[in-house]
Structure formats: structure tokens, C-alpha cells
Amino acid sequence: MTAPALLAVAPTPFVTVQDAGRQGWQRFGVSRSGAMDIAALAMANALVGNPAGMAALEFAHAAGAFRLDATSARIAVTGGRFACFVDDWPIPPFTTFTLTRGQTLRVGGAPDAVWGYIAVAQGFDIPAQLGSQSTHARSGIGGFAGRVLREGDALPLASDWVRAEPERTLRLPPAQHGPLRVVLGPQQDFFTPEAIATFLSAAYQTTHQMDRLGYRLAGPALEHARGYNIISDGLVPGCIQVPGSGAPIVLLRDAQPPGGYPKIATLISGDIGRLAQMRPGAALHFEAIDVTRAHELHRAFVTRIASLRVAIVERRPLLG
């Protein structure tokens, strides 16, 4: 009898294993990685009964097809209104469903999101590297062989079966709107006052130049006051670098640990997922807040993640 697994029948090009990220290794030159939308990852895990930061499959735009080679598995898909099917049966997102051996999950696109998550109850039987199962494909560590999934890959499951239970659905919180919140700096003195005023008042757009490392924005160029090179210093997800072109680049989960362009601002952690889910061409604005307010919003974000389970309700079985 083969070990329980989820088989990648026809995965899309950007499917990787991601958890909440790799902690404590950036000072050694290792990117944190982790889910582009931490809240969506936590929603998927909450639905199937996993800890919020447990590893799931992350995909961009669509996931493709996967077949279950196990007795049964409870699965949830979150991130947006992705088109989901078990064999030919349509399945709503943000709802659990139980696959049985030989059934195929297909996940297509969504009108409202870029990144999606497929969580499996009890997770994947994949070893952690440097304390995390997250994939960092550029360095070839973590996840499944340190890379994106390919046709024929068999992801080991931690369990061969799940108990028969009512399926669950998540009452979604209201969608967040308004400007993306930033704390100015740490190198805002490298920009003219006019550039900072433009950054905080102009409309920018996401572009097709986007991946897990960062998103390049289109909009008014930002003028440097004294050059655009600095001695390389530390970066974190959310840093907004401005190279010589004047076009802002928002660094995301696979951001390199050091960088040599000045950073006009840093996106607060709770808004990183909001930006990541903006499709190419989406309009956005920035709003500056102080560090005290940023800490308050971070605590509220952590509380929202921790309280997801109270928003889960049972529903009738979706398959049968």
C-alpha cells in the first residue's frame, strides 16, 4: 500500500508549499518566505482544524488539478472566489469538503484575488528546513524539493484518513478598503518633500511585474534628493524601495535580506496581504501613520487571525 499523498496531476506554474514563514534567519542571508496572504492561509487552516500557520499549498491565479491517493482528506480553498470542482461537482471556496481516494480537485481562477491556498487537515508530511516548511525557490530550500510543484509530484500527507464530520464554512469578514497604511522611512530623507507628498497623494497601480519577491508599481516617478544608492541594509516584507527609475517596488515574502536602494516607507504587516491580492492594473493609495498606530493595527490583525474559529459554522455535506 502506498503512503498517503496528494498527486499533482496538472499543477499551474506557481504552486508551492508555504506556511507562516521562516523566523530568525534573515541575519544569515535567508529570506523569510511564507504565505503571501497570511490571513487567507489562516482561514484555510482554521476551516480544516489546523494551527493558523501550518503549511498549505499556495498558488497564483489558479492551482490546476490534484488527485487524492489516500482513504480520505478534508480540504479547504481560500484566498478568493476561486472556481473549485471535485471531479465535476462545483465546490464553493471558504468551505470544507472531504475527498476520497481517486477523486480530483480542480481549482481555476478568481475574479477577486491573485493568491489562493489549499489546506489539508493535519497537513503535509514534509520535513521542515530551518524551522519552516515554506518554499524559497530561488535558493532551493523548504517545501517539496525546494521548488514549485510539477506534474507527477506526490505530496506526502500526514494522515491517510479523516473522521466523518459535518462540513464547515467561514463567515467572511467585510472586505477591507481604503488606503494601504505605511510608516515612512527608514530613508525618507533620500527623497524630496515633493516626492513624499506625491507618494502619499497620487494613485498608483499594480503591474504585471509581480512575483513573490515584490510588486513594481506604475504611477508618478518619485524624485531622489541625493542619489538612489545606499549602503545595503536590512529589508523586511513591506519595504518600499525606489530605484533610479523613481518607480516604487513593494517587497514581499521572498524579499532578499539586504538591499541597496533607499526605502521611502514600509507597509504595515496587516496590509501586505491586501496588496498581494491586488490584480494587475488595480489602483491603490498610501496613507502614512505613526509607529504607535502601526503597532495597534498589528495587534488587531493578530487578534483577528486568532479569532477565526468563532466565524466557522457547520453546513450540510457538499458531496455524497
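Residues numbered from 1 in each chain as written. Predicted model: local features only at pLDDT ≥ 70, side-chain atom pairs only at ≥ 80, totals over all residues. Heavy atoms only, no water.

Caption draft 1: Spatial organisation of the nonpolar core. Y215, I264, L275 and F286 are the most contacted members of the largest nonpolar core, which totals 55 residues. The dominant element in this core, judged by the number of residues it contributes, is helix α1 (residues 38-48), at 10 residues. Core analysis: the next-biggest nonpolar cluster, separate from the first, contains 32 residues, V86, L105, L155 and L157 among them. (Core = buried A, V, L, I, M, F, W, Y, C linked by side-chain atoms within 4.5 Å. Buried < 20%, exposed > 50% of the residue type's maximum accessible area, 1.4 Å probe, protein only. Helix = DSSP H or I, 4+ residues; strand = E, 2+ residues; numbered from the N terminus.)

Caption draft 2: Geometry of the environment of H224. Inspection of the secondary structure puts H224 in the loop between β15 (214-218) and β16 (233-234). Residues H224 and D88 lie 136 residues apart in sequence; the distance between their C-alpha atoms is 55 Å. In contact with H224, not counting residues within four places along its chain, are F190, F191, T192, V242, P243, G244 and P262. A polar side-chain atom of H224 sits 2.8 Å from the main-chain carbonyl oxygen of V242. (Contact = heavy atoms within 4.5 Å. Polar contact = N/O pair within 3.5 Å; in protein donor to acceptor, adjacent residues only side chain to side chain.)

Caption draft 3: Region of interest: the packing of aromatic side chains. If you walk through the whole model with that rule in mind, you get four aromatic pairs. Judged by centre distance (4.8 Å) and plane angle (75°), the rings of F59 and F82 are edge-to-face. With F59 in strand β3 (residues 56-60) and F82 in the loop between β5 (72-78) and β6 (84-86), this residue pair connects regions lying 23 residues apart in the sequence. Here F59 matches F82 in class, with each residue buried. Taking the ring centre of F190 as reference, the NZ or CZ of R226 above it sits at 4.1 Å. (Phe/Tyr/Trp six-rings, centres within 6.5 Å; stacked < 30°, edge-to-face > 60°. Lys NZ or Arg CZ within 6 Å of the ring centre and 35° of its normal.)

Caption draft 4: Representation of the sheet that holds strand β14 (residues 204-210) in the model. Spatially, eight strands are ordered β21-β14-β15-β18-β17-β20-β13-β22 in an open sheet, and the strand pairing comes out mixed. Lying at the two open borders of the sheet, with one neighbouring strand each, are β21 (283-284) and β22 (286-288). The pairing of strand β13 (residues 180-184) with strand β20 (residues 263-267) spans three bridges and is classified as antiparallel. Residue pairing across strands places L184 opposite A265, the latter belonging to β20. Taken strand by strand, helix α3 (residues 269-276) contacts β13, β14, β15, β18 (249-251), β20 and β21, and its axis lies near 130° from that of β13. (Pairing = 2+ DSSP bridges. Axes fitted to C-alpha atoms, helices over the stretch in contact; angles between N-to-C directions.)

Caption draft 5: Summary view of unusual backbone geometry. Residue P186 follows G185 across a cis peptide bond; omega there is 15°. Summarising the element assignment, P186 is placed in the loop between β13 and α2 (193-201). Its identity as a non-glycine residue notwithstanding, F94 has a phi of 60°, on the positive side. Checked against the element boundaries, F94 lands in the loop between β7 (89-91) and β8 (96-100).

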